[in-house]
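Here is how the chains run, residue by residue.
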Amino acid sequence: AQSVAQPEDQVNVAEGNPLTVKCTYSVSGNPYLFWYVQYPNRGLQFLLKYITGDNLVKGSYGFEAEFNKSQTSFHLKKPSALVSDSALYFCAVRELNQGGKLIFGQGTELSVKP
Amino acid sequence: DVKVTQSSRYLVKRTGEKVFLECVQDMDHENMFWYRQDPGLGLRLIYFSYDVKMKEKGDIPEGYSVSREKKERFSLILESASTNQTSMYLCASSLGTNINEAFFGQGTRLTVV
């Protein structure tokens, strides 16, 4: 069965510093991987996805993520964090079969301090 | 822009009541999903549907059922609400192929008393 793990419940970063939010996955075949962000009292917003091709994918708000097949990871990164990046971040993976499940990790709370 | 609309932002229901949560999307998406979100547990899939009248169980379907009579509408039903179903419920939709991202509604905060 597919699964996603986000090993850190919380990540604290100073504004201007680089940030990384970690994600590892487990699927039986090739994964489709996604990152979402949730601001307080809001629904989830799509940030970026990996389907195939270049291992470094770029998304919204300056975020990017690196797919590493050998380590089964898909870490979210940003070169310079903003206070407004503070939010809850979710990694997700999708099965390959038609109508497959979209499975989420438990989420990582990112806090960026001035 | 894709819009996924959940009928209520906040609901308070009594134990044993039958509860209906409604979700409508306006982009002709084939797939629709219901999740519940609890602190420390992330989003857990309750049910999903890949076509009208089709449904598949997610990871936590017990105590829930769903209905999809029209493509744009996906309803989550709590047959007999219990206090452990107090949670945030999120609906999402996506185009048919698995490479497409899902779009989420604002969520319904359900409290069962």
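(A) The layout of surface pockets, seen in detail. Computed from the structure, the largest pocket encloses a volume of approximately 460 Å³. Around the largest pocket, the lining is made up of 23 residues, and of these Q38(A), L88(A), E109(A), Q37(B) and P39(B) lie nearest the centre. Elements that contribute at least two residues to the lining of the largest pocket include exactly β10 (87–94) and β12 (108–113) of chain A together with β4 (31–38) of chain B. Residue contributions to the lining of the largest pocket peak at three residues, all from β10(A). By residue class, the composition of the lining of the largest pocket is eight nonpolar, nine polar and six charged.

(B) Quick peek at the state of the cysteines. Applying the stated criterion to the full structure yields two disulfides over all chains. Each sulfur of the disulfide joining C23(A) and C91(A) lies 2.0 Å from the other. Looking down the S-S bond of the C23(A) and C91(A) bridge, the torsion is -65 degrees, so its handedness is left-handed. Taken as a pair, C23(A) in the loop between β3 (19–21) and β4 (24–26) and C91(A) in strand β10 lie far apart in primary sequence, 68 residues in all. Like C91(A), C23(A) is buried. Two residues, C23(B) and C91(B), share a disulfide whose sulfurs are 1.9 Å apart. On the sign convention where negative means left-handed, the S-S torsion of about -80 degrees between C23(B) and C91(B) marks this disulfide as left-handed.

(C) Layout of the packing of aromatic side chains. All chains considered together, the criterion is met by 15 aromatic pairs over all chains. An angle of 70 degrees between the planes, with centres 5.9 Å apart, marks the rings of Y36(A) and F46(A) as edge-to-face. With Y36(A) in strand β5 (residues 32–38) and F46(A) in strand β6 (residues 44–50), the pair connects residues that are ten residues apart, well separated along the chain. With relative accessibility at 0%, the residue Y36(A) sits in the buried group. Ring centres 5.9 Å apart and planes at 40 degrees place the aromatic pair Y35(B) and F104(B) in the tilted group. Of this pair, Y35(B) sits in strand β4 while F104(B) sits in strand β10 (residues 103–104); the two residues are 69 residues apart in sequence, bridging distant segments of the chain. Taken individually, Y35(B) and F104(B) each receive the classification buried, so the pair is uniform in this respect.

(D) Molecular detail of the environment of G59(A). Relative to the helices and strands, G59(A) resides in the loop between β7 (56–58) and β8 (64–68). In contact with G59(A), not counting residues within four places along its chain, are L47(A) and L48(A).

(E) Quick look at the interface of chain A and chain B. In this assembly, 26 residues from chain A lie in contact with 26 residues from chain B. Together, the buried faces of chain A and chain B total about 2,000 Å²; carbon and sulfur atoms form 52% of this surface. Taken together, chain A and chain B are joined by two salt bridges. Residues K101(A) and D59(B) are paired through a salt bridge, measuring 3.3 Å at the closest nitrogen-oxygen approach. At the boundary of chain A with chain B, the tally comes to eight residue pairs in polar contact (both at pLDDT 80 or more). Counting residues per element, the ones that place at least two in the side of chain A that touches chain B are β5, β6, β10 and β11 (102–104) of chain A. Classifying every residue of the side of chain A that touches chain B by side-chain character gives twelve nonpolar, nine polar and five charged.

(F) Structural view of the pattern of salt bridges. Residues and elements named next belong to chain A. This structure, assessed with the given rule, holds eleven salt bridges over all chains. As a salt-bridge pair, E66 and K77 come within 3.2 Å of each other at their nearest N and O atoms. Of this pair, E66 sits in strand β8 while K77 sits in strand β9 (residues 73–78); the two residues are eleven residues apart in sequence, bridging distant segments of the chain. A relative accessible area of 27% places K77 in the partly exposed class. Put simply, D85 and K78 hold a salt bridge, and the shortest N to O gap is 2.8 Å.

Reading the values: the criteria
- Residues numbered from 1 in each chain as written.
- Chains lettered and ligands numbered in written order.
- Predicted model: local features only at pLDDT ≥ 70, side-chain atom pairs only at ≥ 80, totals over all residues.
- Heavy atoms only, no water.
- 1 Å grid on protein atoms, 1.4 Å probe; cavity = no way out; pocket = protein on both sides within 12 Å on 5 of 7 lines; lining within 4 Å.
- Points joined across faces, edges and corners; volume = space filled by probe spheres on them.
- Helix = DSSP H or I, 4+ residues; strand = E, 2+ residues; numbered from the N terminus.
- Nonpolar A, V, L, I, M, F, W, Y, C, P; charged D, E, K, R; others polar.
- Disulfide = S-S within 2.5 Å.
- Buried < 20%, exposed > 50% of the residue type's maximum accessible area, 1.4 Å probe, protein only.
- Phe/Tyr/Trp six-rings, centres within 6.5 Å; stacked < 30°, edge-to-face > 60°.
- Contact = heavy atoms within 4.5 Å.
- Buried area = accessible area lost by both parts, 1.4 Å probe.
- Salt bridge = Lys/Arg side-chain N within 4 Å of Asp/Glu carboxyl O.
- Polar contact = N/O pair within 3.5 Å; in protein donor to acceptor, adjacent residues only side chain to side chain.

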